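Listed here are the chains, written in short residue letters.
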Amino acid sequence: MYDLWRSGFVRRSLTSLVAGGLDARDVTWLPDQGLFAYLADPFGIDRDGVLTVFAEHFDYRSRRGEIRYFQYDATNALVGEGIALAEPHHLSYPSLIEDGGELYMLPEAYKSGGLTLYRCVRFPDQWEPAHRILDVPAIDATLVRHDGKWWMFHALPGPADRAMRELHVAFSDALAGPWTQHPANPVRSGFHASRPGGTAFEANGALHLPIQDCAGTYGAAITLLRIETLTTDAFEASVVRRFEAGDLLTGYADGFHTLSGCGDTTFIDVKRIQRSAAEGWVRTQYKVRRLLGLNGPRARRRPPSATTSTTPPVLAGRGI
């Protein structure tokens, strides 16, 4: 058995979903990647009437995620797609951040041993390492500017599925850091509501954070936290809503683990647990490809720098 995810978007804001819900008729689904590949962790941005969705593309035959983009016009027709970012290590969870007139991507890359912020050089397909903001292998790092500080919600790898059962917080005065770990870490524990699962946003005067429920299976559902207290020495939150895959997409009722948004658009993904007699053959393909050195990206990018890149950004097409 293995997980297959489908990603999609709805032309409604995250705040509207707090009071309402999701309707299957409103979802536009990204292209199906086939039996042994998927698109997960969608994030996006709208520029000049074109919606660009970034998502993790994962193929079980190479077992290395890379970030791909899909572009849609105002009628939700697919008008472009390609590779946005690929590295020798696995990439996923391509959250987007705008700061100081720049657009950044902060993908999960825990196998690299740290967390690297990429700056957009040419939208949507050229990104360069700008800052290595943590030397800690943070998982599903979610950043938000709140009350004059940058806050990071993240998980950490470890034994006994630690990444699914602990929520950690860090804070900084600047996006590039330095970042300080919260003294109360982990601020939440338990498989039901600890691992980040999307964009932090404000609704009804409070900060909200989508969190994965991993109690029954990885990414079973999204629970929405309302953060009551967030200071450099205290954290309190309560669960206010739950989102499940339900009947959003036929055959994909086994999980829901991303709820992200930008402006008037919300991005989601749903899961099915696939059972296939070909799984053994797929594992064999992966091992053969690994022996032949075929599982890496076609072109290796230069390693991330610990300081800001000196290359000025040249943005083609749509401006920030």
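Values in this document were obtained by computation on a predicted structure and should not be read as measured data.

A few words now on the pairing of strand E21 (residues 255–262). Buried residues dominate E21, accounting for 6 of its 8 residues. Note: E21 against strand E22 (residues 265–274), 7 bridges, orientation antiparallel. Across the sheet, Ser260 pairs through a bridge with Phe267, a residue of E22. In this structure, the hairpin formed by E21 and E22 is closed by a connection of 2 residues, where Gly263 is found at a positive phi of approximately 60 degrees.

On to the layout of surface pockets, then. The computed volume of the largest pocket comes to approximately 760 Å³. Of all the elements in the fold, those that place two or more residues in the lining of the largest pocket are strand E1 (2–10), strand E3 (37–47), strand E4 (50–59), strand E11 (139–146) and helix H2 (279–291). Class assignment for the residues of the lining of the largest pocket results in 14 nonpolar, 4 polar and 12 charged. Taken as a whole, the second largest pocket spans an internal volume of roughly 530 Å³. Leu96, Leu143, Thr199, Ala200 and Gly261 are, among the 25 residues lining the second largest pocket, the residues nearest its centre. Within the residue set of the lining of the second largest pocket, elements represented by two or more residues are helix H1 (14–19), E3, strand E7 (92–99), E11 and E21. Here the element with the most residues in the lining of the second largest pocket is E7; it accounts for 5 residues.

Our next topic: the pattern of salt bridges. Side chains carrying opposite charge are able to pair once their charged atoms draw close together. The tally for this structure, following the rule as stated, stands at 18 salt bridges. Note that Asp46 and Arg11 form a salt bridge whose closest N and O atoms lie 3.7 Å from each other. Taken as a pair, Asp46 in strand E3 and Arg11 in the loop between E1 and H1 lie far apart in primary sequence, 35 residues in all. Here Arg11 falls in the partly exposed class, since its relative accessible area comes to 33%.

Right, let's get into the sheet that holds strand E9 (residues 115–122). Across the sheet, 4 strands lie side by side as E7-E8-E9-E10; this open sheet has antiparallel pairing. On the outer flanks of this sheet lie E7 and strand E10 (126–134), each paired with one strand and no other. When the angles between neighbouring strand axes are averaged without regard to direction, this sheet yields 30 degrees. Alignment of strand E8 (residues 102–108) against E9, held across 2 bridges, turns out to be antiparallel. In the strand pairing of E9, Tyr104 is matched with Arg119.

Bringing the packing of aromatic side chains into the picture now. In this structure the tally under the stated criterion is 12 aromatic pairs. Ring geometry for Tyr38 versus Tyr60: centroids 6.0 Å apart, planes at 65 degrees, classification edge-to-face. With Tyr38 in strand E3 and Tyr60 in the loop between E4 and strand E5 (66–72), this pair connects stretches of sequence that are 22 residues apart. By relative accessible area, Tyr38 is classed as buried at 10%. Residue Tyr60 is classed as buried on the basis of its relative accessible area of 16%.

This part takes up unusual backbone geometry. A cis geometry characterises the amide bond from Phe123 onward to Pro124, with omega recorded as 5 degrees. The topology assignment puts Pro124 in the loop between E9 and E10. A cis amide bond links Gly177 to the next residue, Pro178, at an omega of 5 degrees. With respect to the secondary-structure elements, Pro178 resides in the loop between strand E13 (166–172) and strand E14 (180–181). With a phi close to 50 degrees, Asp48 is a non-glycine residue in the positive phi region. For Asp48, the location among the structural elements is in the loop between E3 and E4.

Within a sheet, each strand pairs with its neighbour through backbone hydrogen bonds, oriented either parallel or antiparallel. Reading across from one edge, E3-E4-E5-E6 is the order of the 4 strands in this open sheet, with antiparallel pairing throughout. Here the strands that pair on one side only, and so sit at the sheet edges, are E3 and strand E6 (78–85). The average undirected angle you get between the axes of adjacent strands in this sheet is 25 degrees. Across 9 bridges, the pairing between E3 and E4 is antiparallel. Pairing of Asp46 across the sheet is with Leu51, part of E4.

What counts as what
Residues numbered from 1 in each chain as written. Predicted model: local features only at pLDDT ≥ 70, side-chain atom pairs only at ≥ 80, totals over all residues. Heavy atoms only, no water. Buried < 20%, exposed > 50% of the residue type's maximum accessible area, 1.4 Å probe, protein only. Helix = DSSP H or I, 4+ residues; strand = E, 2+ residues; numbered from the N terminus. Pairing = 2+ DSSP bridges. 1 Å grid on protein atoms, 1.4 Å probe; cavity = no way out; pocket = protein on both sides within 12 Å on 5 of 7 lines; lining within 4 Å. Points joined across faces, edges and corners; volume = space filled by probe spheres on them. Nonpolar A, V, L, I, M, F, W, Y, C, P; charged D, E, K, R; others polar. Salt bridge = Lys/Arg side-chain N within 4 Å of Asp/Glu carboxyl O. Axes fitted to C-alpha atoms, helices over the stretch in contact; angles between N-to-C directions. Phe/Tyr/Trp six-rings, centres within 6.5 Å; stacked < 30°, edge-to-face > 60°.

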